[in-house]
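# Examination of the molecular architecture
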Amino acid sequence: MLSLDTFAIRKLAELDERGLRRSLAGTAREDGPWLLRDGRRMLSFCCNDYLNLSTHPEVIEAAIAATRRYGAGAGASRLVTGNHPLYAELEARLAALKGTEDACVFGSGYLANIGIIPTLAGKDALVLVDELAHACIWAGARLSDATVRRFRHNDVAHAEEVLVAERQRHRHALIATDGVFSMDGDLAPLSALAALARRHDAWLMSDDAHGIGVLGGGRGSVHVEKPPAEVPLQMGTLSKAVGAYGGYLCASRPVVDLIRTRARSFIYSTGLAPGTVAAAIAALNVIAREPDYCALPLTKARAFARATGLPQPASAIVPLILGDVDGTMTASRVLAEAGFLVAAIRPPTVPEGTARLRFTFTARHPDEEVARLAAMVRDRILAPIA
Ligand SMILES: *Cc1c(COP(=O)(O)O)cnc(C)c1O
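Report follows, based on the coordinates. (Residues numbered from 1 in each chain as written. Predicted model: local features only at pLDDT ≥ 70, side-chain atom pairs only at ≥ 80, totals over all residues. Heavy atoms only, no water.)

## Looking at the side chain of S44
Checked against the element boundaries, S44 lands in strand β3 (residues 40-44). Looking at S44, the relative accessible area reads 1%, which means it is buried. Of note is the side chain of S44, whose polar atom sits 3.1 Å from the backbone nitrogen of C46. Excluding residues within four positions of it along the chain, S44 makes contact with P33, L35, L341 and H365. (Helix = DSSP H or I, 4+ residues; strand = E, 2+ residues; numbered from the N terminus. Buried < 20%, exposed > 50% of the residue type's maximum accessible area, 1.4 Å probe, protein only. Polar contact = N/O pair within 3.5 Å; in protein donor to acceptor, adjacent residues only side chain to side chain. Contact = heavy atoms within 4.5 Å.)

Right under this line is the structure:
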């Protein structure tokens, strides 16, 4: 046997032992939050398609029409021949939604973060990252030549301590955080971080993957506070509430021009398929037109939290931290038997000892099903451990 295979087998056995081996389950998504798994129809509470726009007729039609017109793939990087005419429209829509001068669309949110951070933060920069920020912010920070420091989760005073100690040794500083934290559903204190950034001449970047379409009337987490937080670098994804695929950065014109010129994950990766870009445009039209519809995921998350006695969420994500991996897996199985698909989230996605069920709510979850899920969580999961 090749030593490569021996290596993989040993590694997998080790992960198996710790309950950390992952496997893929064939999943056919149906209408809205429903899907088919192993031939069973289940109601999913673990899709990020918060507005169910991936199955919206207008979005699907737009994708089909663009595919017919421009083909199934982009054919090249955007800087070569992959910049089909739909891109300009999508970038203008994003900039308008976020209130910035310009926007730049990447192949995914992950590609956006690993492109933006190294472009803006070189050897002479300090990058401060919230300890619970998404893996791809960390990946971007590590790919950069900057000095990288973490600050305690949502702890502005701690971030300031680090800046006071280290800012003067660096020409530039970048502060990066999730706007909505993907595994906890809480919000970053963006206005306080913006004020901190101003005091220390640092550049604030927020990742609004779970905010766009859902919070602030659909405009995202920056618009939750009034007046909106001043965040010069607003990145996010088109793969969640927007129902398509891709990532973006909304920023000033010079910053976006620099990113288009220098971000390696933008330059050396093929443009998105025309159908995907058209789907995102159609979805953004729905978001701009229907703020009441955008408010539904949070309303449902709050109803669920009230019914189970969990703390009121600030986003459409409700975590139920159970701690140990086995107990969390069992709880997920109990809910699956009742037809509810709820992800068990384990380390290393979350810190050791904080394995959890993570519920995400979408606009089209039926209220009576949310109530039935809440009753099960209360009686079958929370009651036995109380
Ligand atoms: C999902 C997610 C991403 C990655 O976006 P993709 O478009 O799926 O690559 C980035 N940041 C956060 C906070 C996310 O939750």
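## A short note on the site of the ligand
The ligand sits among 14 residues. The nearest are D207, H210, T237, S239 and K240. At a separation of 2.8 Å, an oxygen atom of the ligand approaches a polar backbone atom of G109. K240 places a side-chain nitrogen or oxygen 2.5 Å from an oxygen atom of the ligand. Protein contact buries 88% of the 380 Å² of open area that the ligand shows by itself. Per-class residue counts for the shell around the ligand are three nonpolar, eight polar and three charged. (Near = heavy atom within 4 Å. Areas by Shrake-Rupley, 256 points an atom, 1.4 Å probe, with all protein chains shown as cover. Nonpolar A, V, L, I, M, F, W, Y, C, P; charged D, E, K, R; others polar.)

## Here's the deal with the sheet that holds strand β13 (residues 343-345)
Within a sheet, neighbouring strands are paired by backbone hydrogen bonds and run either parallel or antiparallel to one another. If you trace the three strands from one edge of the open sheet to the other, you get β11-β14-β13, paired in antiparallel fashion. What marks the edges here is a single partner per strand, and that holds for β11 (317-323) and β13. Averaged over all pairs of adjacent strands, the angle between strand axes in this sheet comes to 30°, irrespective of strand direction. When β13 meets strand β14 (residues 355-360), the two strands line up antiparallel, connected through three bridges. The residue of β14 that forms the bridge with A343 is R358. With respect to the sheet, helix α15 (residues 367-385) is in contact with β11 and β14, its orientation differing from that of β11 by roughly 20°. (Pairing = 2+ DSSP bridges. Axes fitted to C-alpha atoms, helices over the stretch in contact; angles between N-to-C directions.)

## Some thoughts on helix α9 (residues 253-262)
Listing the buried residues of α9 in full gives V256, I259 and R260. Axial view of α9: buried residues confined to an arc of 95°, hence all on one face. More than 90 degrees from the buried face of α9, the exposed residues found are P254, T261 and R262. At its buried positions, α9 is contacted by α3 (78-82), α4 (86-98), β4 (102-106), α5 (109-120), β10 (247-251) and α10 (264-267). (Arc of directions from axis to C-beta.)

## Quick notes on the packing of α5 against α9
Where α5 contacts α9, the axes come no closer than 10 Å and their chain directions differ by 105°. Regarding the angle of α5 to α9, the classification is roughly perpendicular. For the pair α5 and α9, contact is made by I116, T119 and L120 and by L258, I259 and R262, respectively. A class-by-class count of the residues in the contact of α5 with α9 yields four nonpolar, one polar and one charged. (Parallel < 35°, antiparallel > 145°, perpendicular 65-115°, else oblique.)

## A closer look at a nonpolar patch on the surface
A surface patch of nonpolar side chains, about 340 Å² in accessible area, is lined by L2, L4 and F7. Of note, F7 is situated in helix α1 (residues 3-17). (Patch = residues over 30% accessible without salt bridge, like charges linked within 9 Å, V, L, I, M, F, W, Y side chains within 5 Å. Salt bridge = Lys/Arg side-chain N within 4 Å of Asp/Glu carboxyl O.)

## A look at the pairing of β3
Relative to β3, strand β2 (residues 34-37) is paired through four bridges, and the arrangement is antiparallel. Residue pairing for β3: R37 is matched across the bridge by R40. With antiparallel pairing between neighbouring strands as the criterion, β2 and β3 make up a hairpin whose turn holds two residues, including D38 at a positive phi of roughly 50°. Pairing geometry for β3 and strand β12 (residues 340-341), over two bridges, is parallel.

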